[in-house]
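# Geometric and topological summary
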Amino acid sequence: MASAYTPGLKIVGKTRFEKDRKLPMKGTVHVKKGDRITAEMVVASTHLPGNVTPMNIANILGCEPKEIMDFMVKKQGDQVQKGEVIAETPGLWGFFKTQVQATITGTLENVSTVTGQVILREPPIPVEVHGYVDGEVAEVYPDEGIRVATYGTFIQGIFGIGGEVVAPLKMVARSPSDVLDAGNILPEHKGKIIVGGSLVTAAALTKAIQVGVKGVIVGGYDAFDLKEFLGYDLGVAITGTEDKGITLVVTEGFGKINMAKKTFDLLASHEGKKTSINGATQIRAGVIRPEVVIPLEGVKETDVVGGVNMGMNPGTLVRIIRQPRFGAVAKVASLPEKPAHIATEAKVRIVEIELLETGERMILPRANVEIIEE
Amino acid sequence: MDIDKIESILATDCGSTTTKAILIEKRDGEFRLIVRGEAPTTVEAPVEDVTKGVLNAVAEVQELAGRQILNDAQTDIIKPRDKAGRGVDLYVSTSSAGGGLQMMVTGVVKTMSGESAARAALGAGAIVMDVMATNDGRLPHQKIQRIRHLRPDMILLSGGVDGGTTSHVTELAEIIAAASPKARLGIGYELPVLYAGNKDAAPLIKERLAGKVALDFTENLRPTLEKENLMPARHKIQQLFLEHVMSHAPGYPNLMKMTDVDIMPTPGAVGDIMQLISRRKGLTVVGVDIGGATTDVFSVFQGIYNKSVSANYGMSYSISNVFAEAGLENIMRWVPFAMDERDLRNRVKNKMIRPTTIPSLLEELMVEQACAREALRLSFEQHRALAVGLKGIQQERTIGDVFDQTMTGQTLVNLKDLNMLIGSGGVLSHAPRRQQSAMMMIDAFLPEGITQLTVDSIFMMPQLGVLAKVHEQAALSVFDKDCLIYLGTCISPTGVLKDGAVALEATITMPDGSTIKKVCKFGDLEVVPLPVGQTARARLKPTYGMDMGEGDGVAVEAEVHGGVVGLIFDTRGRPLNLPADDGERIKKLQSWNAALNLYPKN
């Protein structure tokens, strides 16, 4: 076999980007197919059923569950206000009544004569879905949401923290190897998405939050700092819901690793542009990687470069994704057909690569390189 | 289907990342594994149809076997074999794609019906996301929020003994109704809820849940406090899994049409084959399957089968969780060289975010195998906590029990009674040297007494489990001849002595009649080669302070089985204590590694 399929992260200058913007449950879609939308626009909304609060009336009144219907002041389906009496005992000649007051405002949803429990439900919770990127409505999923499409630059990261953020892009690092430290974070970075090089230090991230930076895109981040930052040791890579006041997109991996030159140059070429990033990562079946989307005006389908790269062939550009030489970019020299023994004595399928920087040739497991998709 | 006419069998296992196909054929009167093929599982965009991955894996089998199995359009399996010898006679499959079956279970008392419900679900091959019970300490609104948040594939509602109070289990039903849970797969399809509680409460449950969920009923899984009746619930769960969950997964309706028997959840099939082996060979068994995301542990002790799924202990997706749960020190204690904490953390996290990479340097392999030991240890601990006798039951005691007042709910997993340890999953099945697999299992499980060690060569137990449903003979034949690799026997007395003190004297009568005498010192590991298929007679005399299972210092005689590693004399003691000093610890690890010839010398 002279080629192999090793999917990699996408780093594309001009592409069509599409994303589903769906509600968690059925609701109303506010736009129609073909509409131009902005990242901040509400494209669909709904109401989630409110939270419920159970109250055991029988326990409070000290009666049998089957007796509670005799004492209910409100019935199933009634609206109730917080503090309003929903059940009471007749007392003695109108005195010594025991009352049960609603603990929330909402609806009395259910009364059970088996458990003596009533369920109160709070008013519905409004949920809104925004456009996320400036673009066009490519498809409408009736009652569910839309698919937004745009043309522009698209970069996939390897790991991230925090959710969707939209802000102008600001280059802080001057080269892909620069370390982003606290001293590099300035007040004028407030409200921006900033770009670092090979590493963002713990102090820099803290300062960025203090200053009001919305997002950080960087090559590497230390796993030890991640633990300190989150306050716990992240066990499974499912992120995106952290509420840390900043979104982080790591493009290469853990540790100090230079940002791929191509990624760095692409970001630099779009400094100042409105950028949408999302740190959400799920490394499971159905992998979700963090992303950077920079919508570009005037880009058309005919301008889109490259396609889905499905194969690794001699000459293909790859990135080494494990020790040794983790993070280095190389060119595939050959793809030997037969599995071979590596230093661990494991017999695996291998690839011969040539490092771009030094021209040195190495044999690596195919699993340890990924195609730099263009 | 005429079983006697079956000569060619195709079996697949659709895993979350890879679909594995095996071809079994009758050759010279016995069923043997012929070839194995695999392809990426296809349940997500861009190819949302599981059958595509199956057909790709079968295409590889076809290529390797050098004969046609798929039709010319490559869209279906030819069945039965035609006159030209194309196709197979039987096709079976298991599946854990799409994350397997994820369930939430409920019970009235957490340690009674709650635990029974968890065992029923786990035994059916599910991952239990949460056990909710009336007395679990959570307030009703917290339970409701939890159900909403989890979005399980199915809920098993149990609680109450038959004839007992109905109000508690009804309250659980009310909580489920209030949460109005939505299924994980597909908007607009009703979540299956299986009721297996107090039969007197069934009408009340129906009143509260009918119309809101896809409600189904089966026998009470805890009809009395003293009795667990898990099989009806397990069968119903598997049926609902097919009818509801699988039928909403991409391409599964087609796959169901292709197979000759129902598709089984992968862990359920593995459990079945383990039980079969234990029954047929009269062995107590512990099996483990360590994957990228989860680790399943199976055991059969006293004829009772138990299974646990450690959902977040694994070697790639979950490796960072193993690190977080085990702690830095526990991982580091197995690494035979000095290492910086930041470096180790970065390596582990990088494996998590790029789960398909493999170690290409020896020290990276050692770090991964250190993590594997901890993943196995933690999973086994969870298993032992789950595989327990019934709790809260009345125990008959006599005057003789005055000094032995055991609690109910003791673990059934007694390592001294364990006959065979079976390991499977990439890190064990594909370790570059078999010694490494043996050592990882010994360090993680710390077997006591005499224990045979095996690994599943290519992890085909799921396929054999489902095959055993239709063709037990074929499944057993392949299991014996092609599935298991016998590593050898671990001989490990319990107890702690001073380093260097004599711990065990062994006299081994080899198959050729020769005798080997060994004096094993405390803190050492030694190997006596004994090839696969051979047995030797061993007299094992522990020193006072050490125990081979019959008591302090009492000698035992037993037949011990050989393997690719041989007889491993592990006199490092139980519990196993590693030196606290880093330098000493590294020296010790290196000496053990050398004794077992674990890694290349340079």
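Because the structure is a prediction, the values reported are computed rather than measured.

## Side note on helix α5 (residues 202-209) of chain B
All names here are of chain B. The set of residues buried in α5 consists of L204, I205, R208 and L209. Burial along α5 is one-sided: seen end-on, the buried residues are contained in an arc of 115 degrees. Exposed residues on α5 whose side chains face more than 90 degrees from its buried face are P203 and E207. Looking at the packing, one finds that the buried side of α5 touches β7 (154-157), α4 (167-179), β8 (192-195) and β9 (214-217).

## Some points on the domain arrangement of chain A
Domain annotation for chain A reports domain 1 (52-121), domain 2 (158-289) and domain 3 (317-371). The centre of domain 1 of chain A, based on its C-alpha atoms, is set 52 Å off from the matching centre of domain 2 of chain A.

## As for the interface of chain B and chain A
Taken residue by residue, the interface counts 49 residues in chain B and 58 residues in chain A. When the two sides are added together, the surface that chain B and chain A hide from each other amounts to roughly 4500 Å², 55% of it contributed by carbon and sulfur. For the pair chain B and chain A, the number of links is eight salt bridges. Residue B:R342 is joined to A:D222 by a salt bridge in which the shortest nitrogen-to-oxygen separation is 3.2 Å. Across the chain B-chain A interface, the total number found is 23 residue pairs in polar contact (both at pLDDT 80 or more). Breaking the side of chain B that touches chain A down by element, the ones donating at least two residues are α3 (140-150), α4, α5, α9 (319-326), α11 (341-353) and α12 (362-386) of chain B. In terms of residues, the side of chain B that touches chain A owes the most to one element, α11(B), which gives nine residues. For the side of chain B that touches chain A, a count of residues per class yields 20 nonpolar, 15 polar and 14 charged.

## Concerning the packing of aromatic side chains
Any aromatic ring pair is given by two values, namely how distant the centres are and how the planes are angled relative to each other. Per the stated rule, a full pass over the model turns up four aromatic pairs over all chains. Where A:F17 meets A:F154, the ring centres are 5.2 Å apart and the plane angle is 40 degrees; that geometry is what we call tilted. Highlighted residues: A:F17 in strand β1 (residues 11-22) and A:F154 in strand β13 (residues 145-156), separated in sequence by 137 residues. Each member of the pair, A:F17 as well as A:F154, carries the same accessibility label: buried. On the basis of an interplanar angle of 70 degrees and a centroid distance of 5.9 Å, the ring pair of B:Y195 and B:F217 is categorised as edge-to-face.

## Re helix α17 (residues 582-595) of chain B
Three or four residues apart is the spacing at which side chains of an α-helix point the same way, because the helix has 3.6 residues per turn. Residues and elements named next belong to chain B. Its 14 residues give α17 an end-to-end C-alpha distance of 20 Å, which sits within 8% of 20 Å, the value for a rise of 1.5 Å per residue. Listed as buried for α17 are R585, I586, K588, L589, W592 and N593. The buried residues of α17 occupy an angular sector of 160 degrees when projected down its axis, which confines them to one face. Residues of α17 that are exposed and angled more than 90 degrees away from the buried face: K587 and A594. Buried positions along α17 lie against α10 (328-332), α14 (434-445) and β19 (524-528).

## Overview of the sheet that holds strand β30 (residues 361-365) of chain A
Residue and element names in this part refer to chain A. Spatially, the five strands line up as an open sheet ordered β30-β29-β26-β25-β31, and their pairing is antiparallel. Across the chains shown, the open sheet's two edge strands, defined by having one partner strand only, are β30 and β31 (369-371). Looking at each pair of strands side by side, their axes are set apart by 45 degrees on average, direction ignored. Across three bridges, the pairing between strand β25 (residues 317-320) and β31 is antiparallel.

## Some points on the sheet that holds strand β20 (residues 535-542) of chain B
Residue and element names in this part refer to chain B. Strand order across the open sheet formed by four strands is β18-β17-β20-β21, with antiparallel pairing between neighbours. The sheet is open, and its two borders are formed by β18 (515-521) and β21 (556-561), each paired with just one other strand. Taking each pair of neighbouring strands and ignoring which way they run, the sheet shows an average axis angle of 25 degrees. Here β20 runs beside β21; their pairing, made up of six bridges, is antiparallel. Paired with R539 across the bridge in β21 is E557.

## Focus: the pattern of salt bridges
Residues and elements named next belong to chain B. Inspection of every chain in the model, using the stated rule, returns 71 salt bridges over all chains. Two residues, D480 and K281, come together in a salt bridge whose shortest N-O distance is 3.0 Å. Of this pair, D480 sits in helix α16 (residues 472-483) while K281 sits in helix α8 (residues 266-281), placing them 199 residues apart in sequence. By relative accessible area, D480 is classed as partly exposed at 32%. As a salt-bridge pair, D443 and R373 come within 2.8 Å of each other at their nearest N and O atoms. In this pair, D443 sits in helix α14 while R373 sits in helix α12, placing the two residues 70 residues apart along the sequence. Like D443, the residue R373 is buried in the burial classification.

## A short note on the domain arrangement of chain B
Residue and element names in this part refer to chain B. By the assigned domains, chain B splits into domain 1 (3-97), domain 2 (100-254) and domain 3 (285-390 + 406-595). Here the C-alpha centroids of domain 1 and domain 2 sit 35 Å apart. Counting from both sides, the interface comprises nine residues of domain 1 and, opposite them, seven residues of domain 2. Interface area, domain 1 with domain 2, both sides summed: about 600 Å², of which 56% is carbon and sulfur. Taken together, domain 1 and domain 2 are joined by zero salt bridges. The interface formed by domain 1 and domain 2 contains one residue pair in polar contact (both at pLDDT 80 or more). For the side of domain 1 that touches domain 2, a count of residues per class yields four nonpolar, three polar and two charged.

## Observations regarding the state of the cysteines
All names here are of chain B. Taken as a whole and judged by the stated rule, the model has zero disulfides over all chains. Of the cysteine sulfurs around C520, a residue in no disulfide, the closest is that of C490, at 11 Å. Look at C520 and you get buried, because its relative accessible area is 0%.

## A closer look at the packing of α11(B) against α12(B)
Residue and element names in this part refer to chain B. The contact between α11 and α12 brings their axes to 11 Å, and the two run at 80 degrees. As the angle between them shows, α11 and α12 are arranged roughly perpendicular. Facing L344, R347, V348 and K351 of α11, the residues of α12 in contact are E363, E364, V367, E368 and C371. Across the contact of α11 with α12, the residue classes break down as four nonpolar, no polar and five charged.

The rules behind these values
- Residues numbered from 1 in each chain as written.
- Chains lettered and ligands numbered in written order.
- Predicted model: local features only at pLDDT ≥ 70, side-chain atom pairs only at ≥ 80, totals over all residues.
- Heavy atoms only, no water.
- Buried < 20%, exposed > 50% of the residue type's maximum accessible area, 1.4 Å probe, protein only.
- Helix = DSSP H or I, 4+ residues; strand = E, 2+ residues; numbered from the N terminus.
- Arc of directions from axis to C-beta.
- Contact = heavy atoms within 4.5 Å.
- Domains from an automatic or database assignment.
- Buried area = accessible area lost by both parts, 1.4 Å probe.
- Salt bridge = Lys/Arg side-chain N within 4 Å of Asp/Glu carboxyl O.
- Polar contact = N/O pair within 3.5 Å; in protein donor to acceptor, adjacent residues only side chain to side chain.
- Nonpolar A, V, L, I, M, F, W, Y, C, P; charged D, E, K, R; others polar.
- Phe/Tyr/Trp six-rings, centres within 6.5 Å; stacked < 30°, edge-to-face > 60°.
- Expected span 1.5 Å × (residues − 1).
- Pairing = 2+ DSSP bridges.
- Axes fitted to C-alpha atoms, helices over the stretch in contact; angles between N-to-C directions.
- Disulfide = S-S within 2.5 Å.
- Parallel < 35°, antiparallel > 145°, perpendicular 65-115°, else oblique.

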